[in-house]
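Survey of secondary and tertiary structure
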Amino acid sequence: MTVGHRPGAPGAPPPLEFTGFYEAHFHRLAVQLYAYLGDHAEAQDLTQEAFCRVLERWDRISTYDDPAAWVRRVAWNLATSRLRRVRTAVRHLARQREEHVAGPGPDRVALTAALAALPANQRQAVVLYHLAQLSVAEIADQLDAPEGTVRSWLSRGRAALASHLTDRQEVHRA
């Protein structure tokens, strides 16, 4: 570290332990947000923003029992805020003009539609459990909900996904 620079200051290199933390957690968190948002670039941008906020406070956050939980919470909050802003913009644009865009492949469309059809709490629980591989206890802690509620969200979310994806397969067979 350069003399006179403090961690997180502009121009200061990140502390070595932060670099390892970043390398260990960035990809997993970006994948979670990608599944939640459906936009890879946006997921990476929001994950990067969350890590920038961690770096600014690294001296304090590095002492937490689970600094990854802090960065995950910040990233999910950023993603949820982004979704709200995007929905508002889309509603506004929909009133302005019709837009034609080439779509993604059928499997991605089916999964994205199925996830989007779930209530936000079920979608978060399913993504955190199956993609982020967090335990029910970790999800409950992150979402500030009882473990029983998380189990209920997972159960309902899985059932809704199964129903949605099964219905879609039957339509294609007909």
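This section reports on the structure supplied with the text. Since the structure is predicted, the reported quantities are computational estimates derived from the model, not experimental observations. (Residues numbered from 1 in each chain as written. Predicted model: local features only at pLDDT ≥ 70, side-chain atom pairs only at ≥ 80, totals over all residues. Heavy atoms only, no water.)

1. Structural notes on the nonpolar core
Formed by 42 residues in total, the largest nonpolar core has its most connected members in Phe21, Leu33, Leu37 and Val150. At the level of secondary structure, the elements contributing two or more residues to this core comprise α1 (16-37), α2 (40-56), α3 (58-61), α4 (67-96), α5 (106-117), α6 (120-130), α7 (136-143) and α8 (147-173). Element by element, the count of residues in this core is highest for α1, at nine residues. Dropping the residues within four chain positions of it, Val150 is found in contact with Val136, Ile139, Ala140 and Ala145. (Core = buried A, V, L, I, M, F, W, Y, C linked by side-chain atoms within 4.5 Å. Buried < 20%, exposed > 50% of the residue type's maximum accessible area, 1.4 Å probe, protein only. Helix = DSSP H or I, 4+ residues; strand = E, 2+ residues; numbered from the N terminus. Contact = heavy atoms within 4.5 Å.)

2. Remarks on α5
Helix length check: α5, at twelve residues, gives a terminal C-alpha distance of 16 Å against a target of 16 Å (1.5 Å per residue), a fit within 8%. The complete set of buried residues in α5 reads Ala110, Ala114 and Leu115. End-on view of α5: buried residues confined to an arc of 125 degrees, all on one side of the axis. (Expected span 1.5 Å × (residues − 1). Arc of directions from axis to C-beta.)

3. Notes on the packing of α6 against α7
At a minimum axis separation of 10 Å, α6 and α7 run at an interaxial angle of 135 degrees. Taken together, α6 and α7 sit at an angle that is classed as oblique. Seen along the crossing, α6 lies across α7 with a hand that is right-handed. For the pair α6 and α7, the contacting residues are Gln124, Ala125, Leu128 and Tyr129 in the first and Val136, Ile139, Gln142 and Leu143 in the second. Residues belonging to the contact of α6 with α7 are distributed by class as follows: six nonpolar, two polar and no charged. (Axes fitted to C-alpha atoms, helices over the stretch in contact; angles between N-to-C directions. Parallel < 35°, antiparallel > 145°, perpendicular 65-115°, else oblique. Left-handed = near helix turned anticlockwise from the far one by under 90°. Nonpolar A, V, L, I, M, F, W, Y, C, P; charged D, E, K, R; others polar.)

4. With respect to the layout of surface pockets
Approximately 580 Å³ is the volume attributed to the largest pocket. Taken together, 23 residues make up the lining of the largest pocket; nearest its centre are Tyr34, Ala35, Tyr36, Leu37 and Gly38. At the level of elements, α1, α4, α5 and α6 are the ones that each hand at least two residues to the lining of the largest pocket. Among the residues making up the lining of the largest pocket, the classes are represented as 14 nonpolar, three polar and six charged. (1 Å grid on protein atoms, 1.4 Å probe; cavity = no way out; pocket = protein on both sides within 12 Å on 5 of 7 lines; lining within 4 Å. Points joined across faces, edges and corners; volume = space filled by probe spheres on them.)

5. Comments concerning a negative patch on the surface
Residues Asp65, Asp66, Glu138, Asp141 and Asp144 make up a contiguous surface patch of negative charge. Inspection of the secondary structure assignment puts Asp65 in the loop between α3 and α4. (Patch = residues over 30% accessible without salt bridge, like charges linked within 9 Å, V, L, I, M, F, W, Y side chains within 5 Å. Areas by Shrake-Rupley, 256 points an atom, 1.4 Å probe, with all protein chains shown as cover. Salt bridge = Lys/Arg side-chain N within 4 Å of Asp/Glu carboxyl O. Lys, Arg positive; Asp, Glu negative; His and termini not counted. Charge placed at Lys NZ, Arg CZ, Asp CG, Glu CD.)

6. A few points about the packing of α4 against α7
Where α4 meets α7, the closest approach of the two axes is 10 Å, and the angle between their N-to-C directions is 60 degrees. On the basis of the axis angle, α4 is oblique to α7. In the crossing of α4 with α7, the sense of the turn from one axis to the other is right-handed. Between α4, through Arg72, Arg73 and Trp76, and α7, the contact on the second element is made entirely by Asp141, Gln142 and Leu143. Here the residues of the contact of α4 with α7 are counted per class, giving two nonpolar, one polar and three charged.

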